[in-house]
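If you want the building blocks of each chain, they are given just below.
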Amino acid sequence: MANFDNARSLLPTEALQTPKFQNAQKTWKNLSTIFTSHPFLEYKKVLGFGGFGIVQQWSTYNTDGTMGDDIAIKGTIEAGRMEYVNGLKNEIHWSKVFGGSEHFMQLKDIRSHPLTDGIYNDEKATLPIMIMEVMPNGCLADVIDRLRVAKSSVNGNINDDNDKLLEYVPCRILWRIILCMTRACLGMAFPPRPNGSQSPQEIREEPKPGQAPRRIIHFEYVCGLLSLPRFPLRDSSNGSVEHFLTDVFIGAIAEVTDVEHAKFPICKWDDNWGREEKEERSKYGKRSYKPPEQMDRRRIADPGVFGVHTNVWGIGLTVMLLIRLRYHFDNGLGHSHDRKLRNGDEINTFGYTLIDDSHGPVRGANADIDLELRETVARCLAGVGSQRPTLEELYNVAIRNIQDGDQKARTPAASQQPPNPIHSYRVKLGQPEPDSLLDRFVKNFFLDAAPMADRFAPYWSKISTPEVETTSDILSSSYVI
């Protein structure tokens with residue numbers, strides 16, 4: 001089992017002294033005290049904290065003592081900051097709207113108990129608590145982390161090339177990620193449950209030709225918000241890897257409809273807003289993830305500046321990060337350049353490094369990435385929204401390439417051993433990626449990978465402020481439900 005934590009940097013002492021961590025500590029204590037009282041729950045660890053919340057992982061038990069599904073419990077880290085509280089309310093509300101959608105994290109219920117009934121998944125609560133499903137294989141940021149560690153240190157301690165870990169994401173998996181993110185964006189464009197009604201039926205997001213999409217815009221695509229599915233990965237009926245990534249959650253979905261909920265990085269855009277309101281609602285999100293239409297403040301008030309094409313930018317940016325093994329680009333993607341595609345179309349793109357130019361073909365690590373994948377990502381990163389592909393285009397091109405890749409993987413050519421060590425060099429351009437490559441990627445980074453440890457784990461309970469003794473104290477003080 002690959003333990004990637006051994007090669008990670010030690011937790012700096014300064015991280016324990018920040019208000020961010022200390023506020024998260026207090027909420028950790030409050031949530032732990034509330035839910036420890038539940039006889040069918042057991043605390044496991046912190047999944048993450050930052051922004052406005054902290055998320056804990058808990059095990060559930062059935063009445064006969066058998067293990068149930070794990071759940072994630074999220075609370076606000078600063079109860080006095082209404083923008084944080086309203087952010088969590090929006091998360092809960094829109095999780096209900098997207099209830100059942102295959103590519104959105106789903107809310108979960110826990111077994112009834114007097115101390116916890118009615119205090120969670122209620123967006124009307126004074127201080128809400130959110131309970132949702134856990135994706136056990138982490139997020140795309142974990143994948144990038146593990147790939148970087150494998151490349152920088154782990155593989156140096158392994159002698160046999162056949163045992164070394166892959167140092168890149170195979171193209172067939174990148175196509176699946178594109179498909180999953182496209183489905184998630186289709187879910188935003190065509191919400192399955194606009195009234196928030198719940199149903200146990202799982203809904204797969206599909207294009208809806210002829211229907212006008214809603215302009216629910218995600219202003220911050222962060223790999224830490226893109227969760228990975230449960231395994232096994234193969235459909236046992238035909239052996240395909242079509243369902244490799246079938247659950248991707250792209251963060252909290254919120255439609256801003258009033259001033260109270262305005263301070264949140266996701267909204268349903270309205271061209272009828274005045275410039276001041278557009279300025280306010282479009283300024284959120286980290287600079288390194290912002291699309292060019294958000295960076296250029298002169299364009300904010302232009303009709304149609306934001307739309308579905310803004311979410312398409314996020315798809316392209318995510319795949320570019322996976323290609324480059326970066327968590328983010330410090331100053332965005334820099335400058336855009338003109339490039340000509342194989343069909344003769346010219347685009348101005350921030351993904352220009354993926355496309356051949358007058359100086360010659362793409363070289364280096366990008367040279368063996370599938371040509372259509374490179375062009376698709378470059379189009380998603382076009383500087384002008386009209387040059388980006390539609391969601392229906394993305395959906396169709398991803399489906400076609402997944403099917404083609406799966407079919408070619410069963411040919412004799414796919415079974416030939418490539419001349420270069422496959423852990424560090426991609427399959428040569430034009431040659432099929434075998435199923436064994438995908439299996440190796442999954443084995444390296446999921447099945448054989450020890451879960452990323454919470455480096456703050458020893459410090460959560462070490463709170464210098466007075467401890468809250470009872471659940472009633474919590475509910476009457478910092479966590480008023």
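Preceding this section is the structure that the text describes.
Just so it is clear, the model here is predicted, and its values are computed rather than measured.

A. Up close: helix H2 (residues 82–97). Counted at 1.5 Å a residue, the expected span for H2 with its 16 residues is 22 Å, and the 22 Å between its end C-alpha atoms agrees. Where burial is concerned, most of H2 is hidden: 12 out of the 16 residues are buried. For H2, the set of buried residues is Tyr-84, Val-85, Asn-86, Gly-87, Leu-88, Lys-89, Asn-90, Glu-91, Ile-92, Trp-94, Ser-95 and Val-97. For H2, the secondary structure elements touched by its buried residues are strand S3 (71–76), strand S4 (130–133) and strand S5 (216–218).

B. Representation of unusual backbone geometry within the structure. Positive phi is not limited to glycine here, since Asn-121 has a value of about 55°. At Leu-325, a residue that is not glycine, the phi angle is positive and equals roughly 55°. With respect to the helices, strands and loops of the structure, Leu-325 is situated in the loop between helix H7 (308–324) and strand S7 (330–333). Judged by relative accessible area, which is 8%, Leu-325 ranks as buried.

C. Quick look at the packing of helix H4 (residues 171–189) against helix H10 (residues 435–447). At a minimum axis distance of 9 Å, the contact between H4 and H10 shows a crossing angle of 70°. Compared by their axis directions, H4 and H10 come out roughly perpendicular. Judged by residue contacts, Arg-172, Ile-173 and Arg-176 of H4 engage Asp-435, Leu-438 and Phe-441 from H10. In terms of residue class, the contact of H4 with H10 is made up of 3 nonpolar, no polar and 3 charged.

D. Structural context of the side chain of Asp-454. Here Asp-454 is to be found in the loop between H10 and helix H11 (471–476). Buried and unpaired, Asp-454 has no salt bridge, with Arg-455 as the nearest side chain of opposite charge at 7.1 Å. Dropping the residues within four chain positions of it, Asp-454 is found in contact with Val-46 and Trp-460.

E. Inspection of the nonpolar core at higher detail. If you look at the biggest cluster of nonpolar residues, it comprises 65 residues, and the most contacted ones within it are Ile-178, Leu-373, Leu-391, Phe-441 and Phe-445. Tallying contributions element by element places H4 first for this core, with 13 residues. Of all hydrophobic cores here, the second largest spans 21 residues; its members include Ala-15, Phe-21, Leu-31 and Trp-58.

F. Inspection of the layout of surface pockets at higher detail. Its boundaries defined by the atoms lining it, the second largest pocket holds a volume of some 400 Å³. Forming the walls of the second largest pocket are 20 residues, and the residues nearest its centre are Asp-370, Lys-408, Gly-430, Gln-431 and Pro-432. Taken together, the elements giving at least two residues each to the lining of the second largest pocket come down to H4, helix H8 (371–380) and helix H9 (391–408). When residues of the lining of the second largest pocket are assigned to their parent elements, the largest contribution, 5 residues, is made by H9. When the residues that make up the lining of the second largest pocket are grouped by side-chain class, the tally is 6 nonpolar, 4 polar and 10 charged.

G. Main features of the pattern of salt bridges. Per the stated rule, a full pass over the model turns up 19 salt bridges. Among the ionic pairs, Asp-406 bridges to Arg-172, the shortest N-O distance being 2.7 Å. Highlighted residues: Asp-406 in helix H9 and Arg-172 in helix H4, separated in sequence by 234 residues. The pair Asp-406 / Arg-172 is uniform in exposure class, with both members buried. Among the ionic contacts, a cluster of salt bridges with common partners joins Arg-172, Arg-176, Asp-406, Arg-410 and Asp-435.

H. Quick look at the sheet that holds strand S2 (residues 53–60). As summarised here, the arrangement of the 4 strands in space is S1-S2-S3-S4, forming an open sheet in which the pairing is antiparallel. At either margin of the open sheet sits one strand with a lone partner, and together these are strand S1 (41–50) and S4. Taken over all neighbouring pairs, the strand axes of this sheet differ in orientation by 25° on average, direction set aside. Taken together, the 6 bridges between S2 and S3 define a ladder with antiparallel strand orientation. When the bridges of S3 are listed, Trp-58 appears paired with Ile-71. Each of S1, S2, S3 and S4 touches helix H1 (residues 19–36); the most contacted strand, S2, lies at about 30° to it. Relative to S3, H2 is tilted by about 145°, and along the sheet it contacts S3 and S4.

I. Representation of the pairing of strand S9 (residues 346–349) within the structure. Residues Ile-347 and Thr-349 point to one face of S9 and are all buried, whereas Glu-346 and Asn-348, pointing to the other face, are not buried. Bridging between strand S8 (residues 337–340) and S9 involves 4 bridges; their strand directions are antiparallel. Bridge pairing in S9 places His-337 opposite Thr-349. Counting the residues in the hairpin turn of S8 and S9 gives 5 residues, including Gly-344, whose phi is positive at 95°.

J. Local environment of the side chain of Arg-172. Using a relative accessible area of 5% as the deciding quantity, one classes Arg-172 as buried. Within the local environment of Arg-172, its side chain forms a polar contact with the side chain of Asp-406, the two groups lying 2.7 Å apart. Engagement of the side chain of Arg-172 in a polar contact is seen with the backbone oxygen of Glu-433, the distance being 2.8 Å.

Scoring rules and cut-offs
- Residue numbers here run from 1 along each chain, matching the order of that chain's written sequence.
- Side-chain atom pairs in this predicted model are given and counted only at pLDDT of 80 or more, local residue features only at pLDDT of at least 70, and totals for whole chains, interfaces and linings cover all residues.
- Only hydrogens and water are removed before side-chain values are computed, so all heavy atoms of the structure are retained for them.
- Strands are runs of DSSP state E lasting at least 2 residues, helices are runs of H or I lasting at least 4, and numbering of each runs from the N terminus.
- The span one expects for a helix is its residue count, reduced by one, times 1.5 Å.
- For every residue, the accessible area (1.4 Å probe, protein chains only) is compared with the maximum for its type, and the residue is labelled buried under 20%, exposed over 50%, or partly exposed between those bounds.
- In this analysis, two residues are considered to be in contact whenever any of their non-hydrogen atoms come within 4.5 Å of each other.
- Orientation is described by lines fitted to C-alpha atoms, with helices fitted over the stretch in contact, and by angles between N-to-C directions that extend from 0 to 180 degrees.
- Should an angle lie under 35 degrees it is considered roughly parallel, over 145 roughly antiparallel, and from 65 to 115 roughly perpendicular; all remaining angles are considered oblique.
- Each residue gets one of three labels, nonpolar for Ala, Val, Leu, Ile, Met, Phe, Trp, Tyr, Cys and Pro, charged for Asp, Glu, Lys and Arg, and polar for the others, Gly among them.
- Under this rule, positive means Lys or Arg and negative means Asp or Glu; His and the chain ends count for nothing.
- Salt bridge criterion: a side-chain nitrogen from Lys or Arg within 4 Å of a carboxyl oxygen from Asp or Glu.
- For the purposes of this section, nonpolar cores are sets of buried Ala, Val, Leu, Ile, Met, Phe, Trp, Tyr and Cys residues that join through side-chain atoms within 4.5 Å.
- In this analysis a 1.4 Å probe is tested at points of a 1 Å grid over the protein atoms alone, and where it fits but cannot get out there is a cavity; an open set with protein on both sides within 12 Å along at least five of seven lines is a pocket; lining residues have an atom within 4 Å of a point.
- Grid points are joined across faces, edges and corners, and a volume is the space filled by probe spheres set on the points.
- DSSP-based pairing: two strands are paired if at least 2 bridges between them are found.
- Polar contacts, as counted here, are pairs of nitrogen or oxygen atoms within 3.5 Å of one another; within protein the pair requires one atom able to donate a hydrogen and one able to accept it, and residues that are adjacent in sequence qualify only if both atoms are side-chain atoms.

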